[in-house]
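Each chain is listed here by its residues.
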Amino acid sequence: VLSILTLLCSLPVVTAGASWCALYSSMVDMVAGAPMHIRGYFSHFRQLFKPATKCWVAILALAYLFYLDFQAIWGGVLFLVFCLLMASAFLPPVINANPSLRFLQLWKAALVQGIGRLPRSLAILAVLVIPAVVLFFSPRWFWLLIFVWSFLWPAAAGYLWARLTVRLFGPLVN
């Protein structure tokens, strides 16, 4: 159910950040032992919409700029992409832990966590990019597994994401 809600709420691309943050927050609740409710997902979506959308739009803009400048500035772009990926692995946990932080504070905290906990960040990113890697290397298998990517993968990825980070941010969550 959470996978479908996340995908539906991500259809307007601008709201994808808020929907993934709501998925993450719902999975944190589930890991903590609370029952999962659709109402809880939308409550998290509403609560985290503004900070998550700001961060998501920034990610989209930076990704587009990196794409445009990729051939011109090879080394600097790779370092910035690395920092962006490490920060994006911890943005939903940081937003969930303290949604009242300002935009730059969210990014700073996420970047510090992402680089400071590099093995965890890489594990999170590895789980999150599985569909993209399959699509890149074997489009046929990607389309054969479209049911998995649509209905099972978002919730499974969110659950693993929550399991990898819930202990780090547990004391900060209200």
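Residues numbered from 1 in each chain as written. Predicted model: local features only at pLDDT ≥ 70, side-chain atom pairs only at ≥ 80, totals over all residues. Heavy atoms only, no water.

Turning our attention to the overall build of the protein. When you go through the protein residue by residue, the secondary structure sums to nine helices and zero strands. Helices (α) and strands (β) of the protein occur, in sequence order from the N terminus, as α-α-α-α-α-α-α-α-α. Relative to its length of 174 residues, the protein is compact, with a C-alpha radius of gyration of 16 Å against a globular reference of 16 Å. Considering only C-alpha atoms, the protein reaches an extent of 50 × 40 × 30 Å along its principal axes. Here the protein, with 174 residues, has 39% of them falling under the buried criterion. Looking at the protein alone, contacts between residues at least 24 apart form 70% of all its contacts between residues at least 6 apart. (Helix = DSSP H or I, 4+ residues; strand = E, 2+ residues; numbered from the N terminus. Rg over C-alpha atoms; globule rule 2.2 N^0.38 Å. Buried < 20%, exposed > 50% of the residue type's maximum accessible area, 1.4 Å probe, protein only. Contact = heavy atoms within 4.5 Å.)

Within the secondary structure layout, His44 lies in helix H3 (residues 38-69). One polar contact links His44 to Asp29, side chain to side chain, over a distance of 2.6 Å. Sequence-distant contacts of His44, that is, excluding residues within four places in its chain, are made with Ala22, Ser25, Ser26 and Asp29. (Polar contact = N/O pair within 3.5 Å; in protein donor to acceptor, adjacent residues only side chain to side chain.)

Its place among the elements puts Ser10 in the loop between helix H1 (2-9) and helix H2 (16-31). For Ser10, the side chain forms a polar contact with the main-chain oxygen of Thr6, separated by 2.7 Å. In contact with Ser10, not counting residues within four places along its chain, are Thr15, Ala16, Ser19 and Trp20.

The next thing to look at is the packing of aromatic side chains. Under the definition given, this model contains nine aromatic pairs. Taken together, a centroid distance of 6.0 Å and an interplanar angle of 15 degrees make the contact between Phe142 and Trp149 stacked. Looking at Phe142, the relative accessible area reads 11%, which means it is buried. Site record: aromatic cluster; members linked through ring pairs are Phe142, Trp143 and Trp149. (Phe/Tyr/Trp six-rings, centres within 6.5 Å; stacked < 30°, edge-to-face > 60°.)

This next bit is on the nonpolar core. Within the largest apolar cluster, 41 residues are counted, with the highest numbers of intra-cluster contacts made by Tyr41, Leu91, Ile95 and Trp107. For this core, the elements supplying multiple residues, two or more each, are H1, H2, H3, helix H4 (74-97), helix H5 (103-116), helix H6 (118-128) and helix H9 (146-169). Residue contacts for Leu91: discarding those within four places in its chain leaves Cys55, Ile59, Leu106, Trp107 and Ala110. (Core = buried A, V, L, I, M, F, W, Y, C linked by side-chain atoms within 4.5 Å.)

Moving on, we come to a positive patch on the surface. On the surface, Arg117, Arg120, Arg163 and Arg167 cluster together into a patch of positive charge. Topologically, Arg163 is positioned in helix H9. (Patch = residues over 30% accessible without salt bridge, like charges linked within 9 Å, V, L, I, M, F, W, Y side chains within 5 Å. Areas by Shrake-Rupley, 256 points an atom, 1.4 Å probe, with all protein chains shown as cover. Salt bridge = Lys/Arg side-chain N within 4 Å of Asp/Glu carboxyl O. Lys, Arg positive; Asp, Glu negative; His and termini not counted. Charge placed at Lys NZ, Arg CZ, Asp CG, Glu CD.)

So, on to the confidence of the model for the protein. Considering every residue of the protein, the mean pLDDT works out to 84; 91% of them sit at 70 or more. Within the protein, the element-level pLDDT minimum falls on H4, averaging 79, and the maximum on helix H8 (residues 139-144), averaging 92. (pLDDT = per-residue confidence, 0-100.)

Let us look at a nonpolar patch on the surface. Taken together, the side chains of Ile4, Leu8, Leu11, Leu135, Trp143, Ile146, Phe147, Val148, Phe151 and Leu152 present a nonpolar region at the surface, about 950 Å² in accessible area. Mapped by element, the contributors of at least two residues to the nonpolar patch are H1 and H9. Tallying contributions element by element places H9 first for the nonpolar patch, with five residues. Within the fold, Phe147 resides in helix H9.

Here the focus is H1. Of all the residues in H1, the buried ones are Leu2, Ser3, Leu5, Thr6 and Cys9. All buried residues of H1 fall inside an arc of 165 degrees around its axis, so they share one side. (Arc of directions from axis to C-beta.)

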